[in-house]
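Structural description and commentary
One letter stands for each residue in the lines below.
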Amino acid sequence: MIFDEVSFHDSQILKVIENPNGQILEFIIDFPTNWEENIFEHKVLKFEGVIFYNIEEIPFGGLPTILDILNLGEVEKDFSSGQSEWKTLRNRIKIETNSGNRIVEFSECSLI
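This text gives an overview of the structure that appears in the document. Quantities reported herein were computed from a predicted structural model and do not represent experimental measurements.

Next up on the list: the pattern of salt bridges. Scanning the entire structure with this criterion turns up two salt bridges. Linking Glu57 and Arg102 is a salt bridge whose minimum nitrogen-to-oxygen distance equals 2.9 Å. Taken together, the positions of Glu57 in strand β4 (residues 52–57) and Arg102 in strand β7 (residues 100–106) put the pair 45 residues apart, joining distant regions of the chain. Given a relative accessible area of 24%, Glu57 falls into the partly exposed group. Note that Glu105 is salt-bridged to Arg92, the shortest N-O span being 2.2 Å. Placement of Glu105 in strand β7 and of Arg92 in strand β6 (residues 87–97) is noted, with a sequence separation of 13 residues between them.

Glancing now at the nonpolar core. Core analysis: the biggest nonpolar cluster contains 17 residues, and Phe3, Phe8 and Phe47 have the highest contact counts within it. At the level of elements, α1 (2–5), β2 (24–34), β3 (39–48), β5 (66–78), β6 and β7 are the ones that each hand at least two residues to this core. Top contributing element to this core by residue count: β2, with four residues.

On to the packing of aromatic side chains. Taken as a whole and assessed by the stated rule, the structure comprises seven aromatic pairs. When the ring of Phe3 is compared with that of Phe106, the centres are 6.3 Å apart and the planes differ by 80°; the resulting orientation is edge-to-face. Here the residue Phe3 occupies a position in helix α1, and Phe106 occupies one in strand β7, the gap between them amounting to 103 residues. Each member of the pair, Phe3 as well as Phe106, is classed as buried. Summarising the aromatic geometry, the rings of Phe27 and Tyr53 are spaced 5.8 Å apart at their centres and angled 90° between planes, so their arrangement reads as edge-to-face. Taken as a pair, Phe27 in strand β2 and Tyr53 in strand β4 lie far apart in primary sequence, 26 residues in all. On the basis of relative accessible area, Phe27 is assigned to the buried category, the value being 1%. Site record: aromatic cluster; members linked through ring pairs are Phe3, Phe8, Phe27, Phe31, Phe47, Tyr53 and Phe106.

Criteria and thresholds
What you see as residue numbers is a count from 1 along each chain, following the sequence as written. Local features in this predicted model are restricted to residues of pLDDT 70 or higher, and side-chain atom pairs are both shown and tallied only at a pLDDT of 80 or more, whereas totals for entire chains, interfaces and linings draw on every residue. Values shown for side chains rest on all heavy atoms present in the structure; no hydrogens or waters enter the calculation. Only one rule defines a salt bridge in this text: a Lys or Arg side-chain nitrogen within 4 Å of an Asp or Glu carboxyl oxygen. Under the scheme used here, helices are H or I runs from DSSP no shorter than 4 residues and strands are E runs no shorter than 2 residues, and both carry numbers assigned from the N terminus. For every residue, the accessible area (1.4 Å probe, protein chains only) is compared with the maximum for its type, and the residue is labelled buried under 20%, exposed over 50%, or partly exposed between those bounds. The definition of a nonpolar core used throughout is a set of buried Ala, Val, Leu, Ile, Met, Phe, Trp, Tyr and Cys residues joined through side-chain atoms within 4.5 Å. Here a Phe, Tyr or Trp ring, Trp counted by its six-membered ring, pairs with any other such ring whose centre lies within 6.5 Å, and the pair is stacked when the planes are under 30 degrees apart, edge-to-face when over 60, and tilted otherwise.

Dropping the structure here:
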């Protein structure tokens with residue numbers, strides 16, 4: 001998974017865009033591309049197949065800064081009702097920020 005390969009520490013969350021039609025969340029972040037020279041670039045952390053997004057952050061004067069992203073493994077959700085059976089398997093992560101936490105359950109993720 002991308003979170004095991006890339007460090008998002010010190011990335012600021014500038015904006016989150018939700019596209020419910022495509023079950024897509026796009027985090028517009030200020031991503032550190034050169035730590036030594038303190039150079040940041042705007043990148044998109046894109047989650048697809050999102051079935052859960054939760055924010056537990058305190059009111060904060062400024063932009064949330066990512067401290068760490070923890071891989072919480074896979075989770076199976078059962079959306080069955082009556083005779084219709086529908087189960088799905090998704091990845092679950094916890095984004096720890098300086099103002100709290102965000103949880104995302106998704107099928108795919110990319111950094112563009």
